[in-house]
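As a plain string of letters, each chain reads:
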Amino acid sequence: MKVDSILASRTKFMTASEIRELLKWITSDVISFGGGLPDPSTFPVDEISKVVAYVLEAYPQRALQYGSTEGVAELREELAKFVDSYAGIKARPENVFITVGSQEALELLGRVFIDQGDVIITENPTYIAALQAWRVYQPRLIGIPMDEHGMVVEKLEDTIRKLKAEGAKIKFIYTIPTAQNPSGLTMSQERRKYLLEIAEKYDLLIVEDDPYSYFLFEPIQVTPIKTLDRSGRVIYLSTASKIFAPGFRLGWVIADKEILDWFNLAKQSLNLHTSTFAQYVLLEGLRRNIILKNLPRVKELYRRKRDAMLTALETYMPPGVSWTKPSGGMFIWATVPPHIDTRELLVTAITKYKVAFVPGHGFSVDQSLTNAMRLNFTYPTFEQIEEGIRRLAMAIKSA
Ligand SMILES: Cc1ncc(COP(=O)(O)O)c(C=O)c1O
């Protein structure tokens, strides 16, 4: 059957994630800086196995049953306490909504807010899979450049003014302010305040995506933008993926009840609710403080891996290659001379030099970052980091 001929017109905007495409190519002899995987040694396996046994013993009927779309009530209560104690975010349980990872929250944002032609403003570069989720709804994506203090908010206001003058409908500003994916950079506190002021002035929503503030390696004093929000215009996303285990697929949104009611409606037809069993496991994990007990060890490991990659880059890279010094998170963003297209470089890197990365194109709103790449430092071992960067430097020199 010719499936192509019956596809919906929007389906052509579904593009395969370059990261997932890349994973198919990777054989066991390739060192991969491609995915965004946590180091599996950080999973608190023993504690999780005790919690799983306890959940099945203590409340199997509830944990194995269908649940409500917004999530298990006790977990929403526990998360309201967690975001307050960890990040100073004040939320009532009705302001907490459980999702299938933060990725589902990104999809819900598209479903609820984006019409064809609406403007979404993001950092440039930004998280590849957010762009992938939203492209299906055919927005106009506008990228704001970054410097070492995050999104250049000074440029944002100019852009908004121009867009408003054209009559554009701006739906939200998407930011990953702390240890950003893909750059690892963190927005200064002054810029956070300024960003919120602009959003207030032009009456815009901010989507604050925050999977990485748990892994800040530098003593930077920042608070989530959500803590400064007095008018309910910040939708805050976070996830258990990097601090507990991504396999549970658990994330949470903190937002005004009115916004969450629309999310609720959108999620009902998508998957009814997030896995009840996984939610009870996280609930017990939070009650036993597993996450915060584990975090210092994980943070120290990732800081050492970041430093190992920075040292290897310094040692092996030829002149003309530059890279960010991430203040946290899981990634380094590297830039090669403009004549090198990193999509082409990737083919040689994998087939000849046995090393992989994610080309920069997909992280830019207009595919314009052709001479950049994202490098993950959390998943590879220390030996792989050194050897992989050595191989990557050879591939770049050959280009
Ligand atoms: C910025 C950002 N947002 C969202 C996600 C999605 O994470 P998950 O769906 O595992 O919670 C990721 C994962 O890498 C991310 O880096």
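Just so we're clear, the structure is a prediction, and the values are computed from it rather than from any experiment. (Residues numbered from 1 in each chain as written. Predicted model: local features only at pLDDT ≥ 70, side-chain atom pairs only at ≥ 80, totals over all residues. Heavy atoms only, no water.)

J.: How would you explain the UniProt feature "domain: Aminotransferase class I/classII large" (unreviewed entry) in the chain if you had to name every residue and give the values?
T.: When the UniProt feature table is mapped onto this chain, "domain: Aminotransferase class I/classII large" (unreviewed entry) is found at residues 57-392. For residues 57-392, the helix share is 43%, the strand share is 17%, and the end-to-end C-alpha distance is 50 Å. (UniProt positions renumbered as here; feature names shortened; annotations may be inferred. Helix = DSSP H or I, 4+ residues; strand = E, 2+ residues; numbered from the N terminus.)

J.: Now, about the site of the ligand: what can you tell me, with residues and values included?
T.: Taken together, 13 residues are adjacent to the ligand, and Ser102, Asp209, Tyr212, Thr239 and Ser241 come closest. Tyr212 places a side-chain nitrogen or oxygen 2.6 Å from an oxygen atom of the ligand. At a separation of 2.8 Å, an oxygen atom of the ligand approaches a polar side-chain atom of Arg249. In the complex, the protein chains occlude 93% of the 400 Å² of accessible area that the ligand would expose alone. Counting residues per element, the shell around the ligand draws most heavily on helix α5 (residues 101-113), which supplies three residues. (Near = heavy atom within 4 Å. Polar contact = N/O pair within 3.5 Å; in protein donor to acceptor, adjacent residues only side chain to side chain. Areas by Shrake-Rupley, 256 points an atom, 1.4 Å probe, with all protein chains shown as cover.)

J.: Describe the pattern of salt bridges, and please don't skip the residues or the numbers.
T.: Taken as a whole, this structure holds 28 salt bridges when the rule is applied. Among the ionic pairs, Lys226 bridges to Asp229, the shortest N-O distance being 3.0 Å. As far as the burial class goes, Lys226 and Asp229 line up, both buried. Across the salt bridge formed by Arg391 and Glu387, the nearest N and O atoms sit 2.9 Å from each other. (Salt bridge = Lys/Arg side-chain N within 4 Å of Asp/Glu carboxyl O. Buried < 20%, exposed > 50% of the residue type's maximum accessible area, 1.4 Å probe, protein only.)

J.: Could you give me a rundown of the environment of Tyr236, with the residues and numbers involved?
T.: With respect to the secondary-structure elements, Tyr236 resides in strand β8 (residues 234-239). Once residues lying within four places of it in the same chain are set aside, the contact partners of Tyr236 are Ile89, Glu208, Asp210, Pro224, Lys226, Trp252, Val253 and Ile254. Of note is the side chain of Tyr236, whose polar atom sits 2.6 Å from the side chain of Asp210. (Contact = heavy atoms within 4.5 Å.)

J.: An account of the packing of aromatic side chains is needed here, citing residue identities and associated values.
T.: Per the counting criterion, the structure on display carries 14 aromatic pairs. Pairing Tyr54 with Tyr59 gives two aromatic rings, centres 6.2 Å apart and planes at 85 degrees, and the pair type is edge-to-face. Consider the rings of Phe113 and Phe172, whose centres lie 6.5 Å apart with planes at 70 degrees: the pair is edge-to-face. Placement of Phe113 in helix α5 and of Phe172 in strand β6 (residues 170-175) is noted, with a sequence separation of 59 residues between them. What links up through ring pairs into an aromatic cluster is the set Phe82, Tyr86, Tyr214 and Trp252. The ring of Phe331 has Arg374 lying over it, and the distance from NZ or CZ to the ring centre is 3.8 Å. (Phe/Tyr/Trp six-rings, centres within 6.5 Å; stacked < 30°, edge-to-face > 60°. Lys NZ or Arg CZ within 6 Å of the ring centre and 35° of its normal.)

J.: Got a sec to walk through the nonpolar core? Specific residues and values, please.
T.: One finds Trp252 and Leu375 to be the most contacted residues of the largest nonpolar core, which totals 70 residues. With ten residues, the top contributor of residues to this core is helix α11 (residues 290-316). Counting only domains with at least three residues in this core, you end up with domain 1 (3-43 + 293-398) and domain 2 (61-291). By size, the runner-up hydrophobic cluster in this structure holds 29 residues, among which are Ala130, Leu131, Ile235 and Ile259. (Core = buried A, V, L, I, M, F, W, Y, C linked by side-chain atoms within 4.5 Å. Domains from an automatic or database assignment.)

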